[in-house]
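# Understanding the architecture of this molecule
Here is what each chain is made of, one letter per residue.
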Amino acid sequence: MGENTSGAGHSGGLVLVLNSGSSSVKFALLAPASGERVLAGTAEKVGTPETELRIRRYPDHVSTEQLPEDNYEAVISRILDCLPRPGSGAAGTGQAPLIGAGHRVVHGGERFTASVLVDDEVIAAIRSSSHLAPLHNPANLAGIEAVRAARPDLPQVAVFDTAFHQTMPPGAFRYAVPEEWYTRYGVRRYGFHGTSYRFVSERSAVLLGRPLTELRLVIAHLGNGCSLAAVRDGVSVDTTMGLTPLEGLVMGTRSGDVDPGVFGYLAERAGLGIDELSEALYTASGLQALSGVSNDMRTVEAAAAEGNERARLAVMVFVHRLAKAIAGMVVSLGRLDALVFTAGIGENSTVIRRHVLARLGFLGLTEDAEANARHGRDTRGRISLDGPVVAMVVPTDEELMIARDTARLADVGARLP
Ligand code: ADP
């Protein structure tokens, strides 16, 4: 996430970005033009009597408070109370109006191909996609409705994780399963991390000094959740996540691809039910299960460096599957101009990037060890030696992308009759 600090540069107004999860609300108040942060924070344990709100006022004031009420409305109304009020005179922030609220919404189904201004019809459509993300979409909606209740006139924008991938062709998004599973139940590949891919592809083009419309990129978003996108001429043509964020790469606690036959096998052999199997694949698999040490790549890397065999295996499986999937994405592009690493692991792990590049030499990629060790900071993101394909590190900023969409759509909305 971007770490710009507060200062001047938000004269065009501020946007509140909200990510309402199943038990937490993350938020940031920032200037969409400059990306500067004024406030950021998290409410944890929402829905319990121990709801705690932690707020950072940039540059460096942090406070924590317990909230007496436990619902989204109470949390969001408290967050809105903390925002600087127009004319309050607080240094550098007092005059900047709040121009909108932007919400991260996990699943937009096939209906949403871009960000939208929220109205009754959009709320109903998000609700009708909830079966596709039963833990996330209802929480995202609770955030939207809580802002509506507190500030009915504030423009709100929904930004979907899935929207960017709606350009995938059927050859990439269909599963080879009975037709009715698709037509009746929506079983197809949707993909996630779309907001990050949009931000990173635009930024990569700027750093490469080439038009995005002429670039073929594989972007590796490697955080707690991990996925790849194949971005051709600025649009997504393939991705590794599918109907749910479980498909594809090995992740912190998620398995990524497994043989779908595992379900029937374990149901029979171990008597496990659907809930137990899902829970295990989402929360007790991935790096955590392989290493037996942690779901956190930093800890796994450190244990591997000290000789822990299971941690080494976890790194090996992670890298093998990642490199193989990157090569697969190149098939969807026809040509590779740049491989871009982003998110927690992608931006910070010299070791994982080194292993991956070593496996992909046949694509024309060679590590520049010094630039890789510095995460491409002095080389416009580049971490590869001169060659036909560039490898680079490009920090993502999903909050800024949501803020920009919100400012743009709120402005359009304001100009409608
Ligand atoms: P989220 O998907 O929740 O936004 P992040 O993008 O912050 O998560 O990524 C979290 C992951 O990044 C964790 O696995 C963490 O260990 C990893 N990470 C962060 N810093 C480093 C580092 N210096 N080296 C290796 N992995 C790192």
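To keep things clear, this report deals only with the structure shown in the data block. (Residues numbered from 1 in each chain as written. Predicted model: local features only at pLDDT ≥ 70, side-chain atom pairs only at ≥ 80, totals over all residues. Heavy atoms only, no water.)

Considering all chains together, one arrives at 2 aromatic pairs under this definition. Taken together, a centroid distance of 4.2 Å and an interplanar angle of 10° make the contact between F112 and F160 stacked. Here F112, found in the loop between β6 (98-105) and β7 (116-117), pairs with F160, found in strand β8 (residues 156-160); they are 48 residues apart in sequence, far enough to count as distant. Given the relative accessible area of 2%, F112 is considered buried. A relative accessible area of 3% means that F160 is categorised as buried. Measuring from centroid to centroid gives 6.3 Å for F173 and Y182, while their planes differ by 50°, and the two rings are tilted. Of the two residues, F173 and Y182, both sit in the buried class. The aromatic ring of F173 is capped on one face by R188, whose charged end is 3.6 Å from the ring centroid. For R188, the ring lying beneath its charged end belongs to Y190, and the centroid distance is 4.8 Å. (Phe/Tyr/Trp six-rings, centres within 6.5 Å; stacked < 30°, edge-to-face > 60°. Helix = DSSP H or I, 4+ residues; strand = E, 2+ residues; numbered from the N terminus. Buried < 20%, exposed > 50% of the residue type's maximum accessible area, 1.4 Å probe, protein only. Lys NZ or Arg CZ within 6 Å of the ring centre and 35° of its normal.)

As a volume, the second largest pocket reaches approximately 750 Å³. Contributing to the lining of the second largest pocket are 18 residues, with Y175, L243, T244, L246 and F263 lying nearest its centre. A total of 4 residues in the lining of the second largest pocket trace back to one element, the largest contributor, which is helix α8 (residues 274-283). Here the lining of the second largest pocket is built from residues that sort into 12 nonpolar, 4 polar and 2 charged. (1 Å grid on protein atoms, 1.4 Å probe; cavity = no way out; pocket = protein on both sides within 12 Å on 5 of 7 lines; lining within 4 Å. Points joined across faces, edges and corners; volume = space filled by probe spheres on them. Nonpolar A, V, L, I, M, F, W, Y, C, P; charged D, E, K, R; others polar.)

Quick look at the packing of helix α11 (residues 309-333) against helix α13 (residues 350-359) now. Axis separation between α11 and α13 bottoms out at 9 Å; the angle between their running directions is 50°. Compared by their axis directions, α11 and α13 come out oblique. By crossing handedness, the relation of α11 to α13 is classed as right-handed. Residues V315, F318, V319, H320, L322, A323 and I326 of α11 pack against I352, H355, V356 and R359 of α13. (Axes fitted to C-alpha atoms, helices over the stretch in contact; angles between N-to-C directions. Parallel < 35°, antiparallel > 145°, perpendicular 65-115°, else oblique. Left-handed = near helix turned anticlockwise from the far one by under 90°. Contact = heavy atoms within 4.5 Å.)

Within the open sheet, the 8 strands sit side by side as β5-β4-β3-β2-β1-β6-β8-β7. Their pairing is mixed. Every other strand in the sheet has two partners, leaving β5 (61-66) and β7 as the edge strands with one partner each. Pairing geometry for strand β1 (residues 14-20) and strand β2 (residues 25-30), over 6 bridges, is antiparallel. When the sheet's bridge partners are listed, L16 is paired in β2 with L29. Here helix α1 (residues 72-82) sits on the sheet and contacts β1, β2, β3 (37-44), β4 (52-57), β5 and β6; the angle it forms with β1, its principal contact strand, is near 155°. (Pairing = 2+ DSSP bridges.)

Counted by the stated rule, this structure contains 21 salt bridges. In this structure, the salt-bridge partner of R148 is D120, at a minimum N-O distance of 2.9 Å. With a gap of 28 residues between them, R148 in helix α3 (residues 137-150) and D120 in helix α2 (residues 120-128) connect regions that are remote in the sequence. For R148, a relative accessible area of 31% gives the class partly exposed. According to the relative accessible area criterion, D120 is exposed, its value standing at 55%. The partner of R354 in a salt bridge is E367, and the shortest N-O contact between them spans 2.9 Å. Residue R354 is located in helix α13, and its partner E367 is located in the loop between α13 and α14 (369-373); the two are separated by 13 residues in the primary sequence. (Salt bridge = Lys/Arg side-chain N within 4 Å of Asp/Glu carboxyl O.)

Quick look at the site of the ligand now. Near the ligand, the surroundings consist of G223, N224, G225, D296, M297, R298, E301, A343, G344, I345, N348 and S349. Interatomic distance of 2.3 Å between a side-chain N/O atom of D296 and an oxygen atom of the ligand. Here an oxygen atom of the ligand sits 3.2 Å away from a polar atom, N or O, in the main chain of R298. Protein burial of the ligand: of its 580 Å² of free accessible surface, 69% is covered by the chains. Going through the elements one at a time, α10 (297-305) and α12 (343-348) are the ones with two or more residues in the shell around the ligand. Here the shell around the ligand gets 4 residues from one element, more than from any other, and that element is α12. Here the shell around the ligand is composed, by residue class, of 3 nonpolar, 6 polar and 3 charged. (Near = heavy atom within 4 Å. Polar contact = N/O pair within 3.5 Å; in protein donor to acceptor, adjacent residues only side chain to side chain. Areas by Shrake-Rupley, 256 points an atom, 1.4 Å probe, with all protein chains shown as cover.)

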